[in-house]
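Understanding the architecture of this molecule
Next come the chains, spelled out residue by residue.
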Amino acid sequence: MATRKQPTSQRKWFRDISARWSSNFDYAFYRTGKAIGARPVLFLLVSLTLCVATSLGLVFWQEEVDDVQLFMPATSHVRRDAAWVESHFRDEMRFESVIVEADNVLTPSVLAAIAELETAVRGIVTSGHSWSDVCARYLTWFPNVNDSDVTSEIQEFMKDYEVQDNCIYQSVLRIWAQNGSMDSVFKLDQQAIIRNITEAINGTKKAEGKFTNVLEKVEPLLSGVKWDSKGNVIGAKATILNWILKKTSKWSPEWELEFIQNVLFSNRTLPTGVKVYAVSTRSYLDFLQQVLQNNKTVLFAGFSLIIFYVVIMLGRCNMVEQRIYLSLLGVSVVGQSILASYGLCFYMGFFWGPIHPILPFLLLGIGVDNTFVIMQCLDNLGKGEKSASVPERIGQTLQHAGVSITVTSLTDILAFAVGTSTVMPFLRSFCMFAATGIFFLYVFEILFFVSCLAIDEKRLHNNRDGCICKIHNNWKPNQCSQRNIQKMVFTKYVGPTMMKVPVKICVLAGTFIIFGANVWCVLQVEQKFDPMWYLNPESYPMQYNNKLNEHFPEYGKRAGIYLGSDINYFTDKDKLYELYSRLEENPYINKGTLDFWYIKFQDWLNMNVSPDSLPSDEDEMKSYISEFLLMSTSGQNYIKDIKFSSFPFGDYNITASQILVQHILMNTTTEQVKAMESVQEIIRSANFSAGSIVSFSPEYVSWTANKIIGEELLRNLGLTISAVAMVTLMLIQNLQTSFLVICCVIFTVVDLVGSMYWLGLTIEISTSIMVLLCAGLAVDYSAHIGNEFTRLQGTRDERAIKTLDMIGSAVFNGGLSTFLAFVLLGGSQSYLFTTFFKLFTGVVVFGIFHGLVFLPIALSWFGPPARKVIKKEPSQHYTVPFEYKNGYYQPNINKKEEICISSVPLKSEAVRDGDSQALSLLVETHAQDSGYNSKSPSGSSECN
């Protein structure tokens, strides 16, 4: 017969440290629970005071909506370049645009409808201010110029041009409009339209004797133009209209609201087949706020659903044991945590971002998990423990639940705490809000909910009604209400079925097959992000954006190369040509969109100025630049690309200018990052002084964000899993169990990321947050099972079945409550909310599968053996339970016994005080014990 090998000194040391550590944890939670049970009102006041003190930080609320500030690290060149552009090339315009789409927009009926629309827009008045009060005028292009700077000499020089009398807008109807009147439009026939449009596009006729202004050019305003065999325009699919407002006007934002209302939501009758799309400068932010406001209803409904579920699961169907008020107070912990975490984060200077509104759903989803565990541990108490005093019962309950809720809460906190190390401000802020929110969930669960539970237990002790607190004398519960159907299902059906060998084989094989398939899917998931995704697909900004890309792709977002005041356009001619040439050769730039005013100016100069009259110095060049910009059709188009120190006539300087480029269509982050970096490389090789040339595009923000996410996701995920592993090992204190728990975490993360491929999701901000959270949430489902399995006695199969009996229903209820918090988001049209719904569903499904199915089966085969209760040298003392009951060794609390230290009896003060917990602290065990777990509810020792 084989003899058992004696444990090594290292194993003795680990066993000793583990037992002492575990005893301290158990005792701390026991004393905390007993103190709360004895003075619940005091702890309620402490909890509420903490909540109020921290929530006062809401007065420091600060919200950030600028993409650069949200997504760009402080040291990013994109943030630096964006700041340079904002400082030196600030856009002074607000753009309001309308796209009219029809089978043919160049028909009398469609043009008449457009004329009615234009007339309505011109007639908008807000707070007594009309279109003419808020519109940008010609001199708006020159923000450093006052009306008085435009001398009579300049006005005489430019008498044939629009200077400041008219508002700036673009419309195909300018061909026929006379002094702002649209009367002639309503008199047009089809032949006149074809003739006038063809002449306007071909430039064969000037408008009312004036030189055609660039704003009157028709061709850029039409899409899908059709020609006949004679070269006449016979139709177009769409036309775009642009109204331009002064950014400096304080009435412009209000005017924009009326603009959208008038264009999109009026009762105007349109011809058959005509569709109108519109957008304003403020539309994106307005609609983002609208999306978030609309989902407040979903949040309220989610709270209601969780409350209903918690009421059903916490109480029993009789007058006394129903726990309606306790359930409401338990869910209120989520609200308190939201207020406290928000306030604390605003105290610390963090900002609120577009994705932060998902936080209440996140906290709601995981907020009641600990409530179910605490209530399950209370229900698991033996009959003797349930007959003890309320403080004793609360102490025993928190002793059993303390380690489990600490493991899950601490791992969730660490998952987000790792995220705060990111360089992306937006993600750092969100992770801080989430980490503090989960921290307060843990704190208020112990201080507030356990206090409420103690009060409710006193109500039960006095047989008071669960609703009106009326005392029911001689009350006895009905038998039906005492049945725990969930527990019975796990005990009689789920556990025994899972312990059958064929089932075990199928589950393990299925787990590894799914894992392997999802590993392949992980490699197929792309990195891609666009801030426009946060809008509803059916929202008017999204519809306009889609039509803009369809009909007018040249109006889409472009990149810009910005030149500073250090550039000398006379002496740096060769460098500028070299820069332009290298941009032309760049494979990521659409050649047809590269547009540099300086090259066009040199072409104009060579065509209109004789070689003898070419500029010989910088002052002469400025004179020609003025003529090019103000007097030529081609030059007028570039006024917007140059910033001046004063009106460009006479003595002035060019303070900044831009080269517009448009990148080719790219669908992968790798290509986008290469395109951005290639432009940066061209700039660095241009040999201009540092800071005199930069590149920037709003697209660069999302491209850089994608790059950062790709670089940091694996790092943050690795750190998160490592931190979770350390916490799990430290608190569960068993290497085999901790390893299997971490395997469940890894399987869940891989399966979740793999499922993103099938769901059509990409790696971006919101999905990265969910992947990080997944590592924390996956532990919630596995740690409870692993912790309970390690504590129990019996064979591996018996302990696996008993684990499902003791904690399975609590884990399932926690997962289901998480799903219920997000289930209503499945009907949302918002990308943000539907993405969280999909991923949270994945977390719950994969987490519960690995925690409640895979892990018990894995533990039944590969788990640690049961810990033995054997005598040990009197110099070692550990917690040892001795009476088996309910899957644990329970103490006989009616017996007063002596506690033995070595062989010396010690009368326990705790025994005289009725504190049975102290009996579990010092007992004798055998030297061959493989390390006893002190998480048993209570214990007693034998004295020799």
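Here the structure is a predicted model, which means the values were calculated and not measured. Per chain, residues are indexed from 1 in the order of the written sequence. Side-chain atom pairs in this predicted model are given and counted only at pLDDT of 80 or more, local residue features only at pLDDT of at least 70, and totals for whole chains, interfaces and linings cover all residues. Calculation of side-chain values draws on the structure's entire complement of heavy atoms; hydrogens and water are dropped beforehand.

**Things to note about the overall build of the protein chain**
Numbering of helices and strands runs from the N terminus; a helix is a DSSP stretch of H or I covering at least four residues, while a strand is a stretch of E covering at least two. Of the regular secondary structure elements, the protein chain holds 30 helices and 18 strands. Whether two residues are in contact is decided by their heavy atoms: any pair within 4.5 Å suffices. Intrachain contacts of the protein chain at a sequence separation of at least 6 include 80% that bridge at least 24 residues. Accessible surface computed for the protein chain: about 40,100 Å², of which carbon and sulfur atoms make up 57%. All accessibility values rest on the Shrake-Rupley procedure with a 1.4 Å probe; residue burial counts only the protein chains present in the view.

**Some remarks on the packing of aromatic side chains**
Aromatic contacts are taken between Phe, Tyr and Trp rings whose centres are within 6.5 Å, Trp giving its six-membered ring; a plane angle under 30 degrees counts as stacked, one over 60 as edge-to-face, and the others as tilted. Evaluation of the coordinates by the stated rule reveals 38 aromatic pairs. Arranged with centres 5.7 Å apart and planes meeting at 20°, the rings of Trp255 and Phe259 form a pair that is stacked. Here Trp255 pairs with Phe259, and both are found in helix H9 (residues 252–264), just four residues apart, close to one helical turn. Across the pair, exposure class does not vary: Trp255 and Phe259 are buried alike. Three or more aromatic residues link up through ring pairs in this structure, and these residues are Tyr569, Tyr580, Phe596, Trp597, Tyr598, Phe601, Trp604, Phe628 and Tyr638. Buried, partly exposed and exposed residues are distinguished by accessible area as a fraction of the type maximum, computed with a 1.4 Å probe on protein chains only: under 20%, between the cut-offs, and over 50%, respectively.

**Details of the nonpolar core**
If you look at the biggest cluster of nonpolar residues, it comprises 199 residues, and the most contacted ones within it are Phe71, Phe416, Trp597 and Ile765. If sequence neighbours within four positions are ignored, Ile765 has contacts with Phe71, Ile355, Met424, Phe426, Phe529, Tyr534 and Ile709. Remark: nonpolar core denotes a set of buried residues (Ala, Val, Leu, Ile, Met, Phe, Trp, Tyr, Cys) joined through side-chain atoms within 4.5 Å. In this structure, Ala102, Val110, Val121 and Ala278 belong to the second largest nonpolar core, which totals 47 residues.

**A look at the pattern of salt bridges**
Salt bridges are identified by distance alone: a Lys or Arg side-chain nitrogen within 4 Å of an Asp or Glu carboxyl oxygen. Under the defined criterion, the tally for this structure stands at 12 salt bridges. Of the charged contacts, one joins Asp797 and Lys504 as a salt bridge, the two residues approaching to 3.0 Å between their closest N and O atoms. Of this pair, Asp797 sits in helix H28 (residues 796–823) while Lys504 is found in helix H18 (residues 501–524), placing the two residues 293 residues apart along the sequence. Within the structure, one salt-bridge network assembled from shared partners comprises Glu101, Lys547 and Glu550.

**Points about the side chain of Thr720**
When you line up the elements, Thr720 lands in helix H25 (residues 698–732). Exposure remark for Thr720: the relative accessible area of 0% places this residue in the buried category. Non-local contacts of Thr720, meaning those with residues more than four positions away in its chain, are made with Ala415, Val418, Leu772 and Ala775.

**Some details on unusual backbone geometry**
One non-glycine residue, Ser127, adopts positive backbone phi at about 55°. You can see Ser127 is positioned in the loop between strand S2 (125–126) and strand S3 (129–130).

**Section: the confidence of the model for the protein chain**
Segments scoring low in pLDDT should not have their predicted coordinates read at a detailed level. Each residue carries a pLDDT value, the predictor's own confidence for that position, ranging from 0 to 100. When pLDDT is averaged along the protein chain, the result is 78, and 81% of the positions lie at 70 or above. Overall, residues 161–165 carries pLDDT values under 50, and its contacts beyond four positions in sequence, including any with other chains, amount to 18 contacts. Between residues 204–212, whose pLDDT stays under 50, and residues either more than four places distant or in other chains, the model counts 18 contacts.

**A short note on the pairing of strand S1 (residues 93–101)**
The element S1 is largely enclosed, with a buried count of eight among its nine residues. At least two DSSP bridges between two strands are needed for those strands to be called paired. Across nine bridges, the pairing between S1 and strand S8 (residues 238–246) is antiparallel. The residue of S8 that forms the bridge with Ile99 is Ile240. One ladder, built from five bridges, connects S1 with strand S9 (residues 275–279); its direction is antiparallel. Directly across from Glu101, in S9, lies its bridge partner Lys275.

**Remarks on a nonpolar patch on the surface**
By definition, no residue in a patch forms a salt bridge, and every one has over 30% relative accessible area; like charges are joined within 9 Å, nonpolar side chains (Val, Leu, Ile, Met, Phe, Trp, Tyr) within 5 Å. Taken together, Val52, Leu56, Val59, Phe60, Tyr347 and Met348 make up a surface patch of nonpolar side chains, about 610 Å² in accessible area. Position of Val59 relative to the elements: it lies in the loop between helix H2 (40–55) and helix H3 (67–71). When its relative accessible area of 65% is taken as the criterion, Val59 is described as exposed.

**What about the environment of Gln290?**
Relative to the helices and strands, Gln290 resides in helix H10 (residues 283–314). Using a relative accessible area of 38% as the deciding quantity, one classes Gln290 as partly exposed. In sequence terms Gln290 and Leu535 are 245 residues apart; their C-alpha atoms lie 9.4 Å from each other.

**Some details on H9**
Here the expected span of a helix is defined as 1.5 Å times the quantity of residues minus one. Across its 13 residues, H9 extends 18 Å between first and last C-alpha, which sits within 8% of the 18 Å expected from 1.5 Å per residue. For H9, the full list of buried residues reads Ser252, Trp255, Glu256, Phe259, Ile260 and Val263. Along the axis of H9, the buried residues cluster in a sector spanning 140°; they form a single face. To be clear, the arc concerns the directions from the helix axis to the C-beta atoms.

**What to know about the pairing of strand S13 (residues 654–661)**
In summary, the side chains of a regular strand alternate between the two faces of the sheet. Buried residues dominate S13, accounting for seven of its eight residues. Here five bridges tie strand S10 (residues 559–563) to S13, and the two strands are oriented antiparallel to one another. Its bridge partner being in S13, Leu563 is matched across the sheet by Ser657. Bridge count for strand S11 (residues 595–596) against S13 is two bridges, and the pairing is antiparallel. Note on S13: the bridge partner recorded for Phe596 is Ile659. With three bridges connecting them, strand S12 (residues 642–644) and S13 associate as antiparallel partners. Looking across to S13, one finds that Lys643 is bridged to Ala656.

**What to know about the packing of helix H27 (residues 765–791) against helix H29 (residues 831–862)**
Contact geometry of H27 with H29 gives a least axis separation of 9 Å together with a crossing angle of 25°. The pairing of H27 with H29 is recorded here as roughly parallel in orientation. By crossing handedness, the relation of H27 to H29 is classed as right-handed. Three classes are used, and their members are as follows: Ala, Val, Leu, Ile, Met, Phe, Trp, Tyr, Cys and Pro are nonpolar, Asp, Glu, Lys and Arg are charged, and the others, Gly among them, are polar. Looking at the contact of H27 with H29 residue by residue, the class counts come to 20 nonpolar, seven polar and no charged. Note on method: axes are straight lines fitted to C-alpha atoms, helices fitted across the in-contact stretch only, with angles between N-to-C directions ranging 0 to 180 degrees. Working definition: roughly parallel below 35 degrees, roughly antiparallel above 145 degrees, roughly perpendicular at 65 to 115 degrees, and oblique for all remaining angles. Helix crossings get a hand from a simple test, with the near helix turned counterclockwise from the far one by less than a right angle marking a left-handed crossing and a clockwise turn marking a right-handed one.

**Structural notes on a negative patch on the surface**
Taken together, the side chains of Asp617, Glu618, Asp619, Glu620 and Asp651 present a region of like negative charge at the surface. Mapped onto the elements, Glu620 comes out in helix H22 (residues 618–631). Of the residues examined, Glu620 reaches a relative accessible area of 34% and is grouped as partly exposed. Asp and Glu are treated as the negative residues and Lys and Arg as the positive ones, with His and the ends of the chain left uncounted. The location of each charge is read from NZ of Lys, CZ of Arg, CG of Asp or CD of Glu.

**Digging into the packing of helix H13 (residues 369–379) against helix H15 (residues 390–419)**
Running from amino to carboxyl end, H13 crosses H15 at an angle of 155°, the nearest separation of the two axes being 8 Å. In terms of orientation, H13 and H15 fall into the roughly antiparallel class. Of the two elements, H13 crosses H15, and the hand of that crossing is right-handed. Along its contact with H13, which presents Asn370, Val373, Ile374, Cys377 and Leu378, the element H15 presents Thr397, His400, Ala401, Ser404, Ile405, Thr408 and Ser409.

**Let's talk about the environment of Gly760**
The topology assignment puts Gly760 in the loop between helix H26 (735–759) and H27. Among the residues examined, Gly760 registers a relative accessible area of 60% and is labelled exposed. Between the C-alpha atom of Gly760 and that of Glu526, which follows or precedes it by 234 residues, the distance is 9.5 Å.

**Concerning the environment of Val403**
Tracing the sequence through the fold places Val403 in helix H15. Taking the C-alpha atoms as reference, Val403 lies 8.1 Å from Ile732; in sequence the two are 329 residues apart.

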